[in-house]
Amino acid sequence: MVELFSWLFGQYADYPALFIGLELIAVIFGVASVLLASKLNALVFPIGLVSTAIFVYLLWEWQLFGDMFINAYYTVMGLYGWFNWSKNKHTVNARKKDNSQNDISIEHIQSSDLPIMAVLASGTVAFVALVYYFRPVINNNFSFDGAVLGMHLFTWVDYTDMLTTALFLMAMWLMASRKIEHWLLWIVADAISVPLYFYKGLTFTALQYVVFTLIAVWAYYELQRRYRFQSHAAYA
């Protein structure tokens, strides 16, 4: 048991207490935001913004720039999603003539969404690849002196980061747009992120993604049920 604990959390021995505390706070707010998302509660966005803002800072300090970009994007899309969900809720409530409701209408993905997703995915992969290509320069205080560049320096972690970043960005956009299928992308990306973050030495964050994966599976089936109820109510 001691060896398992040391394997999981031993890397934190060299971390400043501030970083450990901030990571825990970000994880708690992150889990809370996913739970709120599964309940279609618009508070998912302000709660999530706390988590993503903290992770932007931590990931910059840890020089995990692909992950940092994900969380910076989450922050921007969180603001958009907060506005979009709130506007949709008011529209639904006005239609029902009942402002006491907290309903958010949800939709299935449409063919018109696919080009946007393709642009997001390709743009994300290109951007993250560019960041990792110039990582030696970034790590050298943005100086080219002595920095060696090349695709041959890329590791499997870098390529996995490109994949998960693309999946996360598409999922976040679909979530902000109230598309049910965003949970399918979260499931895949969260599951990949569990071993990835263990490898990176961020055990608390890896455990967070275990929880995220389980919540995402449940939430996908729950939203399917809500969509059927929503469709029946519309024709009632």
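Residues numbered from 1 in each chain as written. Predicted model: local features only at pLDDT ≥ 70, side-chain atom pairs only at ≥ 80, totals over all residues. Heavy atoms only, no water.

### Looking at the overall build of the protein
A count of helical and extended segments in the protein gives nine helices and zero strands. Overall, the protein shows an N-to-C arrangement of helices and strands of α-α-α-α-α-α-α-α-α. Here the protein holds 236 residues, and 49% of them are scored as buried. In the protein, the share of contacts with a sequence separation of at least 24, taken over all contacts with a separation of at least 6, comes to 70%. Summed over its atoms, the accessible surface of the protein is roughly 12300 Å², and 69% of this surface lies on carbon and sulfur atoms. (Helix = DSSP H or I, 4+ residues; strand = E, 2+ residues; numbered from the N terminus. Buried < 20%, exposed > 50% of the residue type's maximum accessible area, 1.4 Å probe, protein only. Contact = heavy atoms within 4.5 Å. Areas by Shrake-Rupley, 256 points an atom, 1.4 Å probe, with all protein chains shown as cover.)

### As for the environment of alanine 118
Locating alanine 118 in the fold gives a position in helix 5 (residues 113-133). Measuring from C-alpha to C-alpha, the distance between alanine 118 and alanine 166 comes to 9.4 Å, with 48 residues separating the pair along the chain.

### Some thoughts on the packing of helix 7 (residues 156-176) against helix 8 (residues 182-200)
The interhelical angle for the contact between helix 7 and helix 8, taken along N-to-C directions, is 150 degrees, at an axis separation of 9 Å. For the element pair helix 7 and helix 8, the recorded crossing hand is left-handed. Here the residues of the contact of helix 7 with helix 8 are counted per class, giving 17 nonpolar, four polar and three charged. (Axes fitted to C-alpha atoms, helices over the stretch in contact; angles between N-to-C directions. Left-handed = near helix turned anticlockwise from the far one by under 90°. Nonpolar A, V, L, I, M, F, W, Y, C, P; charged D, E, K, R; others polar.)

### Topic: the pattern of salt bridges
Two side chains that carry opposite charge are able to pair once their charged atoms sit near each other. One pass over the full model with this rule turns up seven salt bridges. Close ionic contact of lysine 200 with aspartate 161 constitutes a salt bridge, the shortest N to O distance being 2.9 Å. Taken together, the positions of lysine 200 in helix 8 and aspartate 161 in helix 7 put the pair 39 residues apart, joining distant regions of the chain. (Salt bridge = Lys/Arg side-chain N within 4 Å of Asp/Glu carboxyl O.)

### A few points about the confidence of the model for the protein
Model confidence for the protein is summarised by a mean pLDDT of 82, while 85% of its residues fall at 70 or above. Within the protein, helix 1 (residues 2-9) has the poorest average pLDDT of any element, 55, and helix 8 the best, 92. Long-range and interchain partners of residues 97-101, a stretch whose pLDDT sits below 50, account for five contacts in this model, where long-range means more than four residues apart. (pLDDT = per-residue confidence, 0-100.)

### Quick notes on the packing of helix 5 against helix 7
Following both chains from N to C, one finds helix 5 and helix 7 inclined at 145 degrees, their axes separated by 9 Å at the closest point. Between helix 5 and helix 7 lies a crossing of right-handed hand. For the pair helix 5 and helix 7, contact is made by Asp113, Ile116, Met117, Leu120, Ala121, Thr124, Val125, Val128, Ala129 and Tyr132 and by Asp158, Asp161, Met162, Thr165, Ala166, Leu169, Met170, Trp173 and Leu174, respectively. Among the residues forming the contact of helix 5 with helix 7, the class breakdown is 14 nonpolar, two polar and three charged.

### Concerning helix 8
In a regular helix each residue adds 1.5 Å, so 19 residues correspond to 27 Å; helix 8 covers 26 Å between its end C-alpha atoms and thus fits that length. Of all the bends in helix 8, the greatest, near 30 degrees, is centred on valine 194, and the proline proline 195 appears no more than four residues after it. Burial in helix 8 covers these residues: His182, Trp183, Leu185, Trp186, Ala189, Asp190, Ser193, Val194, Leu196, Tyr197 and Lys200. (Expected span 1.5 Å × (residues − 1). Bend = angle between axes of the 7 residues up to and from the residue.)

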